Amino acid sequence: MAEAVDVVLQGGCLCGSVRYEVHPDSLEGYYCHCRMCQLAFGNTRAAFLNVPKDAVRWLAPPQHYASSKFALRGFCANCGTPLSFEYLGSKRIDLSVGSLDEPQRVRPVSHFAIETRIVEWHADDGLPGERLDEHQKLVERWKQAYGDDVVPGVAATREP
């Protein structure tokens, strides 16, 4: 269980156009290896800090991209920095650890969507992992949006 914290973190994009501050309820982050995050970050994984939405104050807000029928990704329209991920209707939001002014304050504690982890780029760090396809609520969300034959976290969600 994450230990409660009483800190304020700040962050923003590469060019400084988007800024935020957050009062996290934990300093425990995670790596997401789903194919959607790989594409959104142009990397083998994304590092996130999950926080309550109402704990984030955007000093200069990001643009948003609907990366699926049920999620938004915040980014800087000027420099392209990925800043956030959120499910529609959720009370929580993921902030990209790399966008924090002091990313070293967040400690990684787990890996998510390990079934799509790129093995050749994974350094075993001993952290536990969870499969997205074993997370029943997410699987149902994907199926409701895209049909029963969808591969959650992998399927291209762009309309033809």
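Below: a short report on this structure. (Residues numbered from 1 in each chain as written. Predicted model: local features only at pLDDT ≥ 70, side-chain atom pairs only at ≥ 80, totals over all residues. Heavy atoms only, no water.)

## Here's the deal with the sheet that holds strand 5 (residues 56-60)
As a reminder, the rule being used: Here the rule is simple: two strands pair whenever DSSP picks up at least two bridges between them. What counts as a helix is a DSSP run of H or I of at least four residues, what counts as a strand is a run of E of at least two, and both are numbered from the N terminus. To define axes, lines are fitted to C-alpha atoms, for helices over the stretch in contact only, and angles between the resulting N-to-C directions are given on a 0 to 180 degree scale.
If you trace the three strands from one edge of the open sheet to the other, you get 1-2-5, paired in antiparallel fashion. The open sheet has two edge strands with one neighbour each: strand 1 (9-12) and strand 5. Neighbour to neighbour, the strand axes of the sheet diverge by 20° on average, direction disregarded.

## Description of the pattern of salt bridges
The test is simple: A side-chain nitrogen of Lys or Arg and a carboxyl oxygen of Asp or Glu constitute a salt bridge if their distance falls within 4 Å. Relative accessibility decides the category of a residue: with a 1.4 Å probe and only protein chains considered, values under 20% of the type maximum give buried, values over 50% give exposed, and everything between is partly exposed.
Applying the stated criterion to the full structure yields eight salt bridges. We note a salt bridge from arginine 105 to glutamate 102, for which the minimum N-O separation is 3.6 Å. What makes arginine 105 partly exposed here is its relative accessible area of 33%. Using a relative accessible area of 36% as the deciding quantity, one classes glutamate 102 as partly exposed.

## A short note on the side chain of threonine 116
To be explicit about the condition: Residue contacts are counted whenever heavy atoms from the two residues lie within 4.5 Å of one another.
Looking at where threonine 116 falls in the secondary structure, it is placed in the loop between strand 10 (107-112) and strand 11 (129-130). On the accessibility criterion, threonine 116 (17% relative accessible area) is buried. In this structure threonine 116 touches His33, Cys34, Arg35, Gln38 and Val154, once residues within four positions along its chain are discounted.

## Quick look at the packing of aromatic side chains
Convention followed: Pairing of aromatic rings covers Phe, Tyr and Trp, the last through its six-membered ring, and needs centres within 6.5 Å; plane angles under 30 degrees mean stacked, over 60 mean edge-to-face, and all others mean tilted.
The final tally for this structure, using the stated rule, is nine aromatic pairs. Here phenylalanine 41 and phenylalanine 48 contribute two aromatic rings whose centre-to-centre distance is 5.6 Å and whose plane-to-plane angle is 90°, an arrangement assigned as edge-to-face. The exposure class assigned to phenylalanine 41 is partly exposed, which follows from its relative accessible area of 25%. Considering the side-chain rings of phenylalanine 85 and tyrosine 87, the 4.9 Å spacing of their centres and the 85° angle between planes classify their relative orientation as edge-to-face. Take phenylalanine 85: its relative accessible area is 10%, and that puts it in the buried class. Chaining the aromatic ring pairs together yields one cluster made of Tyr30, Phe41, Phe48, Phe70, Phe85, Tyr87, Trp142 and Tyr146.

## Description of the nonpolar core
This is how the line gets drawn: Among buried residues, the Ala, Val, Leu, Ile, Met, Phe, Trp, Tyr and Cys ones that are joined through side-chain atoms within 4.5 Å form a nonpolar core.
Among the nonpolar cores identified, the biggest contains 18 residues, and Leu9, Tyr20, Val22, Leu49, Val51, Val56 and Leu100 are the most heavily contacted of them. For this core, the elements supplying multiple residues, two or more each, are strand 2 (19-22), strand 4 (46-52) and strand 9 (92-96). In this structure, Met36, Cys37, Phe85 and Leu132 belong to the second largest nonpolar core, which totals 17 residues.

## Digging into the sheet that holds strand 8 (residues 82-87)
Note: strands within a sheet are paired through backbone hydrogen bonds, in either parallel or antiparallel orientation. Strand order in the open sheet made by the eight strands is 6-7-8-9-4-3-10-11, with mixed pairing throughout. Here the strands that pair on one side only, and so sit at the sheet edges, are strand 6 (63-68) and strand 11.

## Focus on the environment of threonine 44
Here is the rule we go by: Whenever a nitrogen or oxygen atom comes within 3.5 Å of another N or O atom, the pair is scored as a polar contact, on the condition that within protein one atom can donate a hydrogen and the other can accept it, and that pairs from neighbouring residues in sequence are kept only if both atoms are in side chains.
Inspection of the secondary structure puts threonine 44 in the loop between helix 1 (35-41) and strand 4. We classify threonine 44 as buried; its relative accessible area is 12%. Taking the C-alpha atoms as reference, threonine 44 lies 25 Å from glycine 16; in sequence the two are 28 residues apart. Look past the residues within four positions of threonine 44 in its chain and what remains in contact with it is His33, Gln38, Ile118 and Trp121. A distance of 2.6 Å separates polar atoms of two side chains, one belonging to threonine 44 and the other to arginine 45.

Function cannot be read off these values alone, since they describe shape.
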